[in-house]
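# Fold and geometry: a report
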Amino acid sequence: MTLAHLPPAPTEFTLLHLGLGSFHRAHQAVYLQRLIDAGDTRWSISGANIRPDMPEVIAALRAQGGRYTLETVSPAGEYFYEPIHALREVLPWDPALAAVIARGAAPSTRIVSFTVTEAGYYLDARGGLDLGFAELVADIDRARRGETGGQGEGGGATVYGAVTAILRARRAAGAGPVTLLNCDNLRHNGDRFRAGLLEFIERAGDAGLLAWVQAHTTCPNAMVDRITPRAPAELRARVQAATGRDDAAAITAERFIQWVIEDRFAAGRPEWERVGVEMVQDLQPHEEAKIRLLNATHSCIAWAGTLVGLQFIHEGTRDAAIRQMAYDYVTDDAIPCLSRPGQPSPVDLPAYRDVVLERFGNPAIRDTNQRVAMDGFSKIPGFIAPTVRERLAAGQSIDSVAMLPALFLAFLMRWHSGILPYAYQDQGMDEAVAHAICDAPDPVAAMCADAGLWGDIAGDARLADALRRASERVARFVQSRS
């Protein structure tokens with residue numbers, strides 16, 4: 001499909017989103033829906049996947065004209081049902097990503113956003129591209145050959161390949177500047193994506209495109225937050241009973257929602273501040289609070305809960321021992337890193353900690369340990385290692401934060417032995433490396449020596465000592481439940 005054959009844009013301005021999973025539809029689409037409901041109908045979302053994922057959901061969305069129902073549940077157990085129609089166009093997937101590239105190159109498209117999970121950025125400990133991933137190398141090779149398609153034909157198996165293909169077409173069409181908006185849980189997500197994208201284009205040998213991207217795009221950092229579990233099998237019937245709509249693409253989420261964005265847009269944006277989005281100049285304090293107090297705590301509860309046979313996050317949060325691990329990690333180690341004398345955080349960190357634990361304890365969400373436990377090889381360096389690094393640099397104890405990697409190591413050992421109660425997914429894991437850690441005579445030392453997990457503190461004796469003590473505590477914890 002070429003730009004000439006593309007249907008007219010649904011509205012005056014378009015936000016093209018890559019990754020039509022539940023989180024995008026429960027978060028970014030909801031904020032735009034609120035703006036539409038407030039009377040601003042200038043913007044709409046065109047959505048697509050860059051891989052042939054979720055074919056049933058995509059088919060349902062296309063059949064429903066992009067409309068779907070969002071169910072939200074408060075900690076008090078109150079259910080709400082909200083029709084969402086901000087997603088006005090659901091683009092079909094094809095190996096060449098033709099419709100996606102054409103929509104991205106249209107002048108009406110002013111923002112390209114994406115949710116591909118933390119591991120989908122293929123970044124190493126230094127923030128550069130990790131060329132150990134075959135799909136990334138293949139995309140670079142396709143881009144070097146000037147191909148503009150997707151899997152099997154051109155640059156689209158990775159977010160860098162897809163965005164590069166869009167930007168090439170946009171430059172050729174003279175469509176003007178565009179904002180590239182990262183909506184994943186990745187520290188400094190806009191900056192890190194931009195660094196990866198520029199390296200990708202440079203490795204592809206396209207100096208002209210590189211210069212154009214540097215001059216005509218921005219990549220704001222953003223923080224996103226809403227617990228969005230996988231839709232349970234009974235959701236469709238529940239939605240129909242509550243609303244009368246038979247919705248094959250319905251999703252569920254907690255009531256809480258938050259989005260904080262640096263106000264750096266290249267070609268305009270929706271007036272999101274009218275509907276609760278926080279537009280800021282400096283995202284870092286908000287981002288650090290969320291990643292360390294929420295994301296790391298979430299993983300802690302998922303790993304610990306799995307080890308003692310629990311299925312859901314709320315079960316672990318309501319378990320006194322697991323809740324205490326999470327509370328101690330935040331209170332003893334994370335909060336001191338984020339609010340130092342003379343440098344107070346703009347976020348009320350103790351209050352934020354308590355809200356997070358209240359949200360995680362919501363039994364109606366039924367968020368699974370399986371979903372939250374995934375991608376540990378990305379979460380250790382992204383969510384946990386910074387606190388370890390900063391506490392060690394200050395000469396302080398890391399006993400509480402060390403419980404998190406100790407839980408993950410015990411979890412990994414079960415994966416290695418084939419006795420996890422569910423399939424474990426980890427886009428950032430090299431299985432050979434993971435098995436080698438577990439097979440080592442001293443798995444604690446092997447894990448602490450892994451530079452991919454720990455960066456410049458890999459091999460630090462203080463880390464190994466703390467992780468060894470924490471692993472002993474984890475073993476006692478698990479033994480007490482057997």
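Use the structure listed above.
Residues numbered from 1 in each chain as written. Predicted model: local features only at pLDDT ≥ 70, side-chain atom pairs only at ≥ 80, totals over all residues. Heavy atoms only, no water.

### What about the overall build of the protein chain?
- Assigned secondary structure in the protein chain consists of 20 helices and 12 strands.
- A compact globule built from 482 residues would reach a C-alpha radius of gyration of about 23 Å, and the protein chain, at 22 Å, matches this within 12%.
- The dimensions of the protein chain, computed from C-alpha atoms along their principal axes, are 65 × 55 × 50 Å.
- Counting only residues that meet the buried cut, the protein chain has 57% of its 482 residues in that class.
- Looking at the protein chain alone, contacts between residues at least 24 apart form 76% of all its contacts between residues at least 6 apart. (Helix = DSSP H or I, 4+ residues; strand = E, 2+ residues; numbered from the N terminus. Rg over C-alpha atoms; globule rule 2.2 N^0.38 Å. Buried < 20%, exposed > 50% of the residue type's maximum accessible area, 1.4 Å probe, protein only. Contact = heavy atoms within 4.5 Å.)

### So, the side chain of Asn369
- Looking at the element boundaries, Asn369 is found in helix H14 (residues 369-373).
- Relative accessible area serves as the criterion here: at 0%, Asn369 is assigned to the buried category.
- If we skip the residues at most four places from it in the chain, Asn369 touches Ile301, Ala302, Gly305, Thr306, Leu310, Gln311, Phe312, Ile313 and Tyr422.

### Brief notes about the environment of Trp43
- Here Trp43 shows up in strand S2 (residues 43-48).
- Residues Trp43 and Ser339, 296 residues apart in the sequence, show an inter-C-alpha distance of 39 Å.
- Those residues in contact with Trp43 that sit more than four places away from it in its chain are Thr11, Phe13, Thr14, Leu15, Leu32, Ile36, Arg110, Ile111, Gly268, Arg269 and Pro270.

### Comments concerning the nonpolar core
- Judged by nonpolar contacts, the single largest core of 73 residues is most densely connected at Ile384, Val388, Phe408, Phe411 and Trp454.
- No other element matches the 11 residues that helix H10 (residues 284-307) contributes to this core.
- What Phe411 contacts, discounting residues up to four positions off in sequence, is Trp303, Thr306, Leu307, Ala373, Leu420, Tyr422 and Tyr424.
- In this structure, Ala99, Leu186, Leu197 and Leu209 belong to the second largest nonpolar core, which totals 41 residues. (Core = buried A, V, L, I, M, F, W, Y, C linked by side-chain atoms within 4.5 Å.)

### A closer look at the packing of aromatic side chains
- Evaluation of the coordinates by the stated rule reveals 15 aromatic pairs.
- Between Phe114 and Tyr121, the aromatic rings sit 6.5 Å apart at their centres with planes inclined by 55°, giving tilted as the arrangement.
- Phe114 gets classed as buried once you look at its relative accessible area, which sits at 0%.
- For the pair Phe377 and Phe408, a centre-to-centre distance of 5.7 Å together with 75° between the ring planes defines the contact as edge-to-face. Of this pair, Phe377 sits in helix H15 (residues 376-393) while Phe408 sits in helix H16 (residues 403-417); the two residues are 31 residues apart in sequence, bridging distant segments of the chain.
- Here the aromatic cluster, defined as three or more aromatic residues joined through ring pairs, consists of Trp303, Phe377, Phe408, Phe411, Tyr422 and Tyr424.
- Sitting over the face of the ring of Tyr31, Arg34 holds its NZ or CZ atom 5.5 Å from the ring centroid. (Phe/Tyr/Trp six-rings, centres within 6.5 Å; stacked < 30°, edge-to-face > 60°. Lys NZ or Arg CZ within 6 Å of the ring centre and 35° of its normal.)

### Examining helix H4 (residues 98-105)
- Burial of H4 is extensive: 8 of the 8 residues sit out of reach of the surface.
- Among all positions of H4, only Ala98, Ala99, Val100, Ile101, Ala102, Arg103, Gly104 and Ala105 are buried.
- Considering only its buried residues, H4 is in contact with strand S1 (13-18), S2, strand S5 (87-90), strand S6 (109-114) and helix H6 (159-173).

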